[in-house]
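Structural description and commentary
Each chain is listed here by its residues.
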Amino acid sequence: MKRAIVIGASSGIGREVCSLLLADGWTVGVAARREELLAEIKKLRPDLVEVMRIDVTAADAPARLLSLAGRLGGVSLFVYCAGIGRQNMQLDGTIEQATADVNVKGFTVMLDTMFNYMAERHGGDIAVISSIAGTKGLGAAPSYSASKAYQTTYIQALEQLSNMRHLHIRFTDIRPGFVDTPLLAGGRGYPMLMDVKSVARDLVKAVYAHRHVRVIDWRYRILVAIWRMIPKWLWRKMNVVNRKSVKIE
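Residues numbered from 1 in each chain as written. Predicted model: local features only at pLDDT ≥ 70, side-chain atom pairs only at ≥ 80, totals over all residues. Heavy atoms only, no water.

Another aspect to go through is the packing of helix 4 (residues 93–119) against helix 5 (residues 142–164). At a minimum axis separation of 9 Å, helix 4 and helix 5 run at an interaxial angle of 15°. Relative to helix 5, helix 4 is oriented roughly parallel. Relative to helix 5, the crossing made by helix 4 is right-handed. Of helix 5, the residues touching helix 4 (which contributes Glu-96, Thr-99, Ala-100, Asn-103, Val-104, Phe-107, Thr-108, Leu-111, Asp-112 and Phe-115) are Pro-142, Ser-143, Tyr-144, Ser-147, Lys-148, Tyr-150, Gln-151, Tyr-154, Ile-155, Leu-158, Leu-161 and Ser-162. Here the residues of the contact of helix 4 with helix 5 are counted per class, giving 12 nonpolar, seven polar and three charged. (Axes fitted to C-alpha atoms, helices over the stretch in contact; angles between N-to-C directions. Helix = DSSP H or I, 4+ residues; strand = E, 2+ residues; numbered from the N terminus. Parallel < 35°, antiparallel > 145°, perpendicular 65-115°, else oblique. Left-handed = near helix turned anticlockwise from the far one by under 90°. Contact = heavy atoms within 4.5 Å. Nonpolar A, V, L, I, M, F, W, Y, C, P; charged D, E, K, R; others polar.)

And the structure:
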């Protein structure tokens, strides 16, 4: 059953993932806040695309997700690409709360809804775009890095829960670095910037191979390995990121 739902499908990595799945013969439910952009995807393959406006922070998000799953006639793959983030050197509480609302609260509600849906239907695959930012606490983006650490831990916990309950729900944690998407405003000045199409291809390959964790791009795999070796006392004193406040996923 090649039926998938992609949350955060209106642009960036999510939109590219939709294109790849459609080219591979999947029926895809696309969801995001900007319904007019989802309609553009629908025009590409009207016979294979179902559209649903979903704001992951809204109270009706779980019901709308289940409604989309029903319209598809089932779901064997769920890809969660929604996320926001800003560098926040001044620790603006509004930015921190908005990030937590989407990356923690909305993420948890959506993952729980789909986990329980698949638990009743003999399993499936769940892929989440987290980030290498979850490796360490980043002073320039506190809520963002903390929310990504939450996501990676939550995925790991749900995977263990799936095994404990013999549910056959598999998880793939996709951890990119800087990706050239609209949220990076063209990506000027960012190191090791990755092409969105290549990231999407890597994501789909990782899901097909049932990879548990995939840090995309060998350069970021080296960077993450180095970060993990840095002692906590030294990390606390480091200036890892220091540039103009912008969105970072």
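This part is about the pattern of salt bridges. Tallying each qualifying case throughout the model produces 11 salt bridges. Of the charged contacts in the structure, one is a salt bridge between Asp-217 and Arg-219, with a shortest N-O distance of 2.9 Å. Since its relative accessible area comes to 27%, Arg-219 is described here as partly exposed. (Salt bridge = Lys/Arg side-chain N within 4 Å of Asp/Glu carboxyl O. Buried < 20%, exposed > 50% of the residue type's maximum accessible area, 1.4 Å probe, protein only.)

This next bit is on unusual backbone geometry. Negative phi values dominate among residues other than glycine, just as trans dominates among peptide bonds. Although it is not a glycine, His-168 adopts a positive phi angle of roughly 60°. Structurally, His-168 is set in the loop between helix 5 and strand 6 (169–175). Its identity is not glycine, yet His-210 carries a phi of approximately 55°, on the positive side. One can find His-210 in the loop between helix 6 (196–208) and strand 7 (213–215). For His-210, a relative accessible area of 38% corresponds to the partly exposed category.

The next point concerns helix 4. Over its 27 residues, helix 4 extends 37 Å from the first C-alpha to the last, a length consistent with the 39 Å expected when each residue adds 1.5 Å. The sharpest bend along helix 4 reaches about 30° and sits at Asp-101. (Expected span 1.5 Å × (residues − 1). Bend = angle between axes of the 7 residues up to and from the residue.)

Where a strand is regular, its side chains alternate between the two sheet faces. Of all the six residues making up strand 2 (residues 27–32), five are buried; the element is thus mostly covered by neighbouring parts of the structure. Pairing of strand 1 (residues 3–7) with strand 2 involves five bridges; the strand directions are parallel. Within strand 2, the position partnered with Arg-3 by the bridge is Thr-27. The β-α-β motif built from strand 1, the intervening helix 1 (residues 12–23) and the parallel element strand 2 has right-handed crossover chirality. The pairing of strand 2 with strand 3 (residues 49–53) spans five bridges and is parallel. Along strand 3, the bridge assignment pairs Val-30 with Val-51. Crossover strand 2 to strand 3 through helix 2 (residues 35–44) is right-handed. (Pairing = 2+ DSSP bridges. Right-handed = clockwise from strand over helix to strand, strands pointing away.)

Taken together, the seven strands give an open sheet; going across it, the order is 3-2-1-4-5-6-7, and neighbouring strands pair in parallel fashion. The two strands at the open ends of the sheet, each matched to only one other strand, are strand 3 and strand 7. Taken pair by pair, the neighbouring strands of this sheet meet at an average axis angle of 15°, ignoring direction. Of the strands in this sheet, strand 1, strand 2, strand 3, strand 4 (77–80) and strand 5 (124–129) are in contact with helix 1, which crosses strand 1 at around 165°. Here helix 3 (residues 61–72) sits on the sheet and contacts strand 1, strand 2, strand 3 and strand 4; the angle it forms with strand 3, its principal contact strand, is near 165°.

What follows covers the packing of aromatic side chains. This model, assessed by the stated rule, comprises seven aromatic pairs. Measuring from ring centre to ring centre gives 6.5 Å for Phe-78 and Tyr-80, while their planes differ by 45°; the resulting arrangement is tilted. Using a relative accessible area of 0% as the deciding quantity, one classes Phe-78 as buried. Here Tyr-80 falls in the buried class, since its relative accessible area comes to 0%. (Phe/Tyr/Trp six-rings, centres within 6.5 Å; stacked < 30°, edge-to-face > 60°.)

With that out of the way, let us pick up the packing of helix 3 against helix 4. For the pair helix 3 and helix 4, interaxial distance at closest approach is 10 Å and the crossing angle is 40°. When the axis of helix 3 is compared with that of helix 4, the two are oblique. Crossing geometry of helix 3 relative to helix 4 is assigned as right-handed. Taken together, the residues of helix 4 that come into contact with helix 3 (itself represented by Ala-61, Pro-62, Leu-65, Leu-66 and Ala-69) are Val-109, Met-110, Thr-113, Met-114 and Tyr-117. Along the lines of polarity and charge, the residues of the contact of helix 3 with helix 4 split into nine nonpolar, one polar and no charged.

A word on the nonpolar core. Counting residues in hydrophobic clusters, the biggest one holds 44 residues, and the most contacted among them are Val-6, Val-17, Val-30 and Leu-203. The element best represented in this core is helix 6, accounting for seven residues. When neighbours within four sequence positions are excluded, Val-6 is seen to be in contact with Gly-14, Val-17, Cys-18, Leu-21, Val-28, Gly-29, Val-30, Ala-31, Val-79 and Cys-81. Judged by nonpolar contacts, the second largest core, of 31 residues, contains Met-118, Ile-126, Ile-155 and Leu-158. (Core = buried A, V, L, I, M, F, W, Y, C linked by side-chain atoms within 4.5 Å.)

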